[in-house]
Amino acid sequence: MILLGDLLYDGRVRREALSLSQQGYQVTVITVPKVVRSLSGLDGVQVRQVLLLTRRLFASARGLRAKYGEFVVRTAARAVGQRADAYHAHDLPALLPAYIAARINRARLVYD
């Protein structure tokens, strides 16, 4: 699962990850948190946090493009390394890195 945002505040993703884990699936959530922290209450779910170096750039159009570009590259690289049967993009910005990882690893792509 790929999420642009903080897993701490996205209950829908947490519930889905826990439900899949309880059904016997190996679940990894790749997320971009605002602050790196350990997350409790996610038994059986691996959480990989991607840090963006460009997060502190100003919010101009150029800064936003740089941030998104770094997000796509770092998240896609992390996802490709996870070698999953399916990649799930939880929001529109996460769709591109999930698509790249799914194509490289010949896996399924889920988007909601």
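Remember, it's a predicted structure, so these values are computed and weren't measured experimentally.

**Student:** Sorry, what's going on with the packing of aromatic side chains here?
**Tutor:** Each pair of aromatic rings is reported with the distance of its centres and the angle of its planes. Per the stated rule, a full pass over the model turns up one aromatic pair. Geometrically, the ring pair formed by Tyr-68 and Phe-71 is tilted, given 5.9 Å between the ring centres and 35° between the ring planes. Separated by three residues within a single helix, Tyr-68 and Phe-71 lie in helix α2 (residues 61-82), roughly one turn from each other. Taking relative accessible area as the criterion, Phe-71 reaches 2% and is therefore assigned buried.

**Student:** I would appreciate a short explanation of the packing of α2 against helix α3 (residues 92-105) in the present structure.
**Tutor:** Helix-helix packing: each pair is described by the crossing angle between the helix axes and the interaxial distance. Packing of α2 against α3 brings their axes to within 8 Å, and their N-to-C directions diverge by 35°. Crossing angle aside, the handedness with which α2 passes α3 is right-handed. Every residue of α3 that contacts α2 at Tyr-68, Phe-71, Val-72, Thr-75, Ala-76, Ala-79 and Val-80 is listed here: Pro-93, Ala-94, Leu-96, Pro-97, Ile-100, Ala-101, Ile-104 and Asn-105. Per-class residue counts for the contact of α2 with α3 are 13 nonpolar, two polar and no charged.

**Student:** Would you explain helix α1 (residues 11-22) in this entry?
**Tutor:** For the α-helix, the turn length of 3.6 residues means that residues three or four positions removed from each other point alike. Over its twelve residues, α1 extends 16 Å from the first C-alpha to the last, a length consistent with the 16 Å expected when each residue adds 1.5 Å. Looking at the buried side of α1, the elements it contacts are β1 (2-3), β2 (27-31) and β3 (45-49). In the segment just after α1, Gly-24 is the residue with positive phi, at about 100°.

Definitions and limits used
Residues numbered from 1 in each chain as written. Predicted model: local features only at pLDDT ≥ 70, side-chain atom pairs only at ≥ 80, totals over all residues. Heavy atoms only, no water. Phe/Tyr/Trp six-rings, centres within 6.5 Å; stacked < 30°, edge-to-face > 60°. Helix = DSSP H or I, 4+ residues; strand = E, 2+ residues; numbered from the N terminus. Buried < 20%, exposed > 50% of the residue type's maximum accessible area, 1.4 Å probe, protein only. Axes fitted to C-alpha atoms, helices over the stretch in contact; angles between N-to-C directions. Left-handed = near helix turned anticlockwise from the far one by under 90°. Contact = heavy atoms within 4.5 Å. Nonpolar A, V, L, I, M, F, W, Y, C, P; charged D, E, K, R; others polar. Expected span 1.5 Å × (residues − 1).

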